[in-house]
Structure formats: C-alpha cells, structure tokens
Amino acid sequence: EAGVTQSPTHLIKTRGQQATLRCSPISGHTSVYWYQQALGLGLQFLLWYDEGEERNRGNFPPRFSGRQFPNYSSELNVNALELEDSALYLCASSRDRDDSNEQFFGPGTRLTVL
Amino acid sequence: AQSVSQHNHHVILSEAASLELGCNYSYGGTVNLFWYVQYPGQHLQLLLKYFSGDPLVKGIKGFEAEFIKSKFSFNLRKPSVQWSDTAEYFCAVNALKGFQKLVFGTGTRLLVSP
C-alpha cells in the first residue's frame, strides 16, 4: 500500500510570492491534514479537510489556505510569503473523520522563503 | 487551549540503558494520546496510542507508555534502548472530539551511542 505522498520535496520562493504544496492521501482515506514544522516551534496544526470540506483550521492567518479535490488529494496554498513561513510542511491522512483513526504522515515539503 | 509539554529536548543514552521520556498535557476532558517517532530521513510514524481502557499501552519495537490521568501524563518507556532507537520522539494529544486536531509537543531528540 502506497503511503502519503507530497510534492515537491523542496520549494524555494522569495518573500511576497505564492507557494502551492500538494498531497496525495493513502488510497481509501478521505481526511487530509496539514501541519507546519518550523524550527523551534514543533509541529503545529494548520488545516483539516474531509470529503472536500474544510473541517477545522489552526491558528494561522488567512493567507494559508487550501482545498481538497474529489479524489481526496489536497493543495496547501500560502500567499504573500514571509520569511517565517520557512518550514517543513507535513501532510497526513486518515481513513475518515472518526477521531479514533490514526493519522499517517507523508515525507513533507521543505519550503524556504528568501 | 490545549498544550503538550515534553520535558527533555535532548537525551543521550548508551545502548542497553533504560529510557523514559516525559509528556504532560493540559486539558481536563477526554483525550486521545499518541507517541510518534521520526527516524533520521524517514516519515513521522505512530509508535503507540491510548484511547481508553488499560492505561499501560504497548507499541512497536518494545516501547510502552503509561497514561496517568491524575497527573495528565503519558510517559514513554523502553527498558533497554538500541542504537536503532536514535530518532526524534513526539507526544501528541487529540482533545477535541470531532475536530481531529493533533496538538504536538516540541519533540525529544534521542541519541543512543553504541
């Protein structure tokens, strides 16, 4: 069974640009989560999508947004990039919205903002 | 707001030493508790989880954790570590039913010397 995949592996942008990160969940999983792992801040919850809808959002500004497609893959968009957005962005998926389900994590996208 | 504290940021042990990593959370209601591990160059993966029942849970690779509700703690233990246990360990809590938000601690880097 293929795991959660993310693309690109690395992304370099300059301040003010937009970044788009992509995630494909495990086959059969309908929930997708995004987390930010910034240096010194640990893993912080960003967004949760299930069945194409945004279900929960972390404490991040509106320039962090995303969507989930009919095939359950997901995009994370970060507009007006700031230097502090440099981080590893992890995507996770779970079978459905039942909170007893384990979240499986992908390898992450390393975003560097110059 | 929920928070998770991991007391040790860096731990260095020799092989065969015993391990205990502390984790405390702040939330008065029902919680789901997790320990995740990230081996060098690999994805974040689930080590063990507690939802209900026996407060002593066993995970993969000989790890176990004990949930002590009165202390709001979920410490990770292993009686005898191996060099291959070198990794970063994250404690996480899901405290809001239906919101699927994992709150992570800042992680503990474990280095096991052969």
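The structure displayed is predicted, hence computed values, not measured ones. Every chain begins its residue count from 1, and numbering advances along the sequence as written. By the order in which they are written, chains take letters starting at A while ligands take numbers starting at 1. pLDDT decides what is reported in this predicted model: residues at 70 or higher carry local features, side-chain atom pairs at 80 or more are listed and counted, and totals for whole chains, interfaces and linings draw on all residues regardless. Hydrogens and waters are ignored; side-chain quantities use all the structure's heavy atoms.

## Considering the pattern of salt bridges
So, point 1. The rule for a salt bridge is simple: a side-chain nitrogen of Lys or Arg has to be within 4 Å of a carboxyl oxygen of Asp or Glu. Counted under the stated rule, the structure contains nine salt bridges over all chains.
So, point 2. Here Glu82(A) and Arg63(A) are joined by a salt bridge, their closest N and O atoms 3.4 Å apart. Residue Glu82(A) is found in the loop between strand E8 (74–78) and strand E9 (87–94), and its partner Arg63(A) is found in the loop between strand E6 (53–57) and strand E7 (64–68); the two are separated by 19 residues along the sequence.
So, point 3. A relative accessible area of 31% means that Glu82(A) is categorised as partly exposed.
So, point 4. Exposure classes here rest on a 1.4 Å probe applied to the protein chains alone. A residue is buried below 20% of its type maximum, exposed above 50%, and partly exposed in between. Note on Arg63(A): relative accessible area 16%, which makes it buried.
So, point 5. Shared partners join several salt bridges into a network, and the residues in it are Lys58(B), Glu64(B), Glu66(B) and Arg77(B). Only DSSP runs of H or I with at least four residues qualify as helices, and only runs of E with at least two residues qualify as strands; both kinds are numbered from the N terminus onward.

## Focus: the pairing of E8(A)
All names here are of chain A.
So, point 1. The buried count for E8 comes to five of five residues, which makes it a mostly enclosed element.
So, point 2. Where burial is concerned, the two faces of E8 agree: the one with Ser 74, Leu 76 and Val 78 and the one with Glu 75 and Asn 77 are both buried.
So, point 3. Examined bridge by bridge, strand E3 (residues 19–24) and E8 share five bridges and lie antiparallel to one another. Of the residues in E8, the one forming a bridge with Ala 19 is Val 78.
So, point 4. As paired elements, E7 and E8 share five bridges and run antiparallel to each other. Bridge pairing in E8 places Gly 66 opposite Leu 76.
So, point 5. Strand pairing follows a simple DSSP-based rule, namely that at least 2 bridges must link the two strands. Linking E7 to E8, which pair antiparallel, is a turn of five residues; within it Tyr 72 sits at a positive phi near 75°.

## Here's the deal with the interface of chain A and chain B
So, point 1. Two residues qualify as a contact provided that any one of their heavy atoms is within 4.5 Å of a heavy atom in the partner residue. The partner chain B presents 18 residues to the 20 residues of chain A that form the contact.
So, point 2. Across the interface of chain A and chain B, roughly 1,700 Å² is buried in total on both sides, 54% from carbon and sulfur atoms.
So, point 3. Remark: the boundary between chain A and chain B carries zero salt bridges.
So, point 4. N or O atoms within 3.5 Å of each other form a polar contact, as long as, within protein, one can give a hydrogen and the other can take it, and as long as residues adjacent in sequence are counted only when both atoms are side-chain atoms. At the junction of chain A and chain B, the tally comes to three residue pairs in polar contact (both at pLDDT 80 or more).
So, point 5. Among the secondary structure elements, those contributing two or more residues to the side of chain A that touches chain B are strand E4 (31–38) and strand E5 (42–50) of chain A.
So, point 6. Here the element with the most residues in the side of chain A that touches chain B is E5(A); it accounts for four residues.
So, point 7. As a working rule, the residues Ala, Val, Leu, Ile, Met, Phe, Trp, Tyr, Cys and Pro are called nonpolar, Asp, Glu, Lys and Arg charged, and the rest polar, with Gly in that last group. Split by residue class, the side of chain A that touches chain B holds nine nonpolar, six polar and five charged. Buried area: the accessible area, evaluated with a 1.4 Å probe, that two parts lose upon being put together, summed over both parts.

Just distances and angles here, no functional claims.
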